[in-house]
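This is what each chain is made of:
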Amino acid sequence: MGEEQGIKMRVPLIDELRGFAIICMVLYHGAYDLVVLYGYSIPIFETDFMDVLSTAFAMLFVVISGTACRYSRNNYKRGVICFSMGMIITIITYFATPDDFIRFGILHMLGISMIVFSLTHRILDKIPPIWGIALMTLLAVITYNIPSRYVGITGLIEIRLPNVLYNSGYLFPFGFINYGFISSDYFPLLPWVFIFLAGSYFGVYFKGNKLPEGFYKGRSRALAFVGRHTMIIYLAHQPIILGLIMAMRYLGA
């Protein structure tokens, strides 16, 4: 997720943006646990603005992850490790919170996306980066509402999808979820794999030193440090948050 295996060169801005995004994600998950699991009231958490903000931070994280894959020697191996960590999280949350466990979260999606990139990058690289970014962005927009049972652009072109895709119960990794589907962290491959691949095209510009000099300068060592250890942070943050909440409740807060 965050650690680049065999990275050839670190770009501070990539680490900093990834660090910022994972901090925002940890804060969001902390608020989620307080509101959903323990019934605390955080008014801003329940607003549409917070939904938009959390999606924006998630997109930033996934785009940066896609960008960083250009610096890895073995994205297939990284993908397998990342997906395996996601499955461990699934097992742990199944026993910890069986009514709200993580079926297909961000680690699952990033792991599969890394594997997809490793298997297809030679074909993808035939597309000029600017057109690759545009194409992947368009595909992400078109498939964004698959969990809502249609593809297209909201308000312009909406094509309803057949119910059989959603009723099978086995296609949830792709966004085809039935009405009883629950996952406390859910990042379906459609549209998120396209957002990841859009980031991989940004990585062409980064790795090729085709961006202004300011993109390659460090600004915050603290954020860069966090960005270099996002896998550890993601795996550890929920147990720590839940432990703090339990301690807080024990102390009567």
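Conventions we followed
Residues numbered from 1 in each chain as written. Predicted model: local features only at pLDDT ≥ 70, side-chain atom pairs only at ≥ 80, totals over all residues. Heavy atoms only, no water. Helix = DSSP H or I, 4+ residues; strand = E, 2+ residues; numbered from the N terminus. Rg over C-alpha atoms; globule rule 2.2 N^0.38 Å. Buried < 20%, exposed > 50% of the residue type's maximum accessible area, 1.4 Å probe, protein only. Contact = heavy atoms within 4.5 Å. Areas by Shrake-Rupley, 256 points an atom, 1.4 Å probe, with all protein chains shown as cover. Lys, Arg positive; Asp, Glu negative; His and termini not counted. Charge placed at Lys NZ, Arg CZ, Asp CG, Glu CD. Patch = residues over 30% accessible without salt bridge, like charges linked within 9 Å, V, L, I, M, F, W, Y side chains within 5 Å. Salt bridge = Lys/Arg side-chain N within 4 Å of Asp/Glu carboxyl O. Pairing = 2+ DSSP bridges. 1 Å grid on protein atoms, 1.4 Å probe; cavity = no way out; pocket = protein on both sides within 12 Å on 5 of 7 lines; lining within 4 Å. Points joined across faces, edges and corners; volume = space filled by probe spheres on them. Nonpolar A, V, L, I, M, F, W, Y, C, P; charged D, E, K, R; others polar. Polar contact = N/O pair within 3.5 Å; in protein donor to acceptor, adjacent residues only side chain to side chain. Axes fitted to C-alpha atoms, helices over the stretch in contact; angles between N-to-C directions. Parallel < 35°, antiparallel > 145°, perpendicular 65-115°, else oblique. Left-handed = near helix turned anticlockwise from the far one by under 90°. Core = buried A, V, L, I, M, F, W, Y, C linked by side-chain atoms within 4.5 Å.

1. A short note on the overall build of the protein chain
Secondary structure summary: the protein chain contains nine helices and two strands in total. The C-alpha radius of gyration of the protein chain comes to 19 Å, within 12% of the 18 Å expected for a compact globule of 253 residues. Viewed in the frame of its principal axes, the protein chain has a C-alpha envelope of about 55 × 50 × 35 Å. For the protein chain, with 253 residues in total, the buried portion stands at 43%. Within the protein chain, counting contacts between residues at least 6 apart in sequence, those at least 24 apart form 74% of the total. For the protein chain, the accessible area works out to roughly 13,400 Å², and carbon and sulfur atoms hold 70% of it. Side chains of the protein chain carry 19 positive and 14 negative charges; the gap between the two charge centres is 13 Å.

2. Focus: a nonpolar patch on the surface
On the surface, Val141, Ile153, Leu156, Ile157 and Ile159 cluster together into a nonpolar patch covering about 470 Å² of accessible area. Here Ile157 lies in strand β2 (residues 157–160). Of the residues examined, Ile157 reaches a relative accessible area of 55% and is grouped as exposed.

3. Focus: the pairing of strand β1 (residues 150–153)
In terms of strand pairing, β1 meets β2 through four bridges, oriented antiparallel. In the sheet register, Tyr150 faces β2, and the bridge partner there is Arg160. Hairpin connection between β1 and β2: a loop of three residues separates the two successive antiparallel strands, and Gly155 in this loop has a positive phi of roughly 85 degrees.

4. Quick word on the layout of surface pockets
Put simply, the largest pocket is a space of about 1,200 Å³. Taken together, 43 residues line the largest pocket, and the ones lying closest to its centre are His29, Ser184, Asp185, Tyr186 and Phe187. Among the elements that make up the lining of the largest pocket, the one with the highest residue count is helix α1 (residues 12–37) (nine residues). Considering only enclosed or pocket space, the second largest pocket measures out at about 160 Å³ in volume. Taken together, Met59, Val63, Ile133, Thr137, Ala140, Val141, Tyr144, Ile195, Ala198 and Phe202 make up the full set of residues lining the second largest pocket. Where the lining of the second largest pocket is concerned, the elements lending two or more residues are α2 (48–68), α5 (129–143) and α7 (189–207). With four residues, α5 is the single largest residue contributor to the lining of the second largest pocket. In terms of residue class, the lining of the second largest pocket is made up of nine nonpolar, one polar and no charged.

5. Comments concerning the side chain of Asn75
Considering the arrangement of structural elements, one finds Asn75 in helix α3 (residues 75–96). A relative accessible area of 7% places Asn75 in the buried class. For Asn75, the side chain forms a polar contact with the main-chain oxygen of Cys69, separated by 2.9 Å. Asn75 has contacts with Cys69, Met114, Ile115, Phe117 and Ser118, leaving out every residue within four places of it along the chain.

6. Regarding the packing of helix α4 (residues 106–124) against α7
If you want to describe how two helices pack, look at the angle between their axes and the distance between the axes. Direction vectors running N to C along α4 and α7 enclose 55 degrees, while the axes themselves pass 10 Å from each other. As summarised for this structure, α4 and α7 are arranged oblique, according to the angle between their axes. In the crossing of α4 with α7, the sense of the turn from one axis to the other is right-handed. Facing Met109, Leu110, Ile112, Ser113, Met114, Val116, Phe117 and Leu124 of α4, the residues of α7 in contact are Leu189, Trp192, Val193, Phe196, Leu197, Ser200 and Tyr201. A breakdown of the residues in the contact of α4 with α7 according to their chemical character gives 13 nonpolar, two polar and no charged.

7. Quick notes on the nonpolar core
Membership of the largest hydrophobic core comes to 43 residues, with the highest contact counts inside it found for Val62, Ile106, Met109, Leu110 and Phe196. At the level of elements, α1, α2, α3, α4, α5, α7 and α9 (230–250) are the ones that each hand at least two residues to this core. For this core, the leading source of residues is α7, giving 10 residues. Not counting chain neighbours up to four residues away, the residues in contact with Met109 comprise Val62, Phe104, Phe187, Pro188, Leu189 and Trp192. The next biggest cluster of nonpolar side chains, apart from the first, holds seven residues, and it includes Leu13, Ile14, Ile64 and Tyr71.

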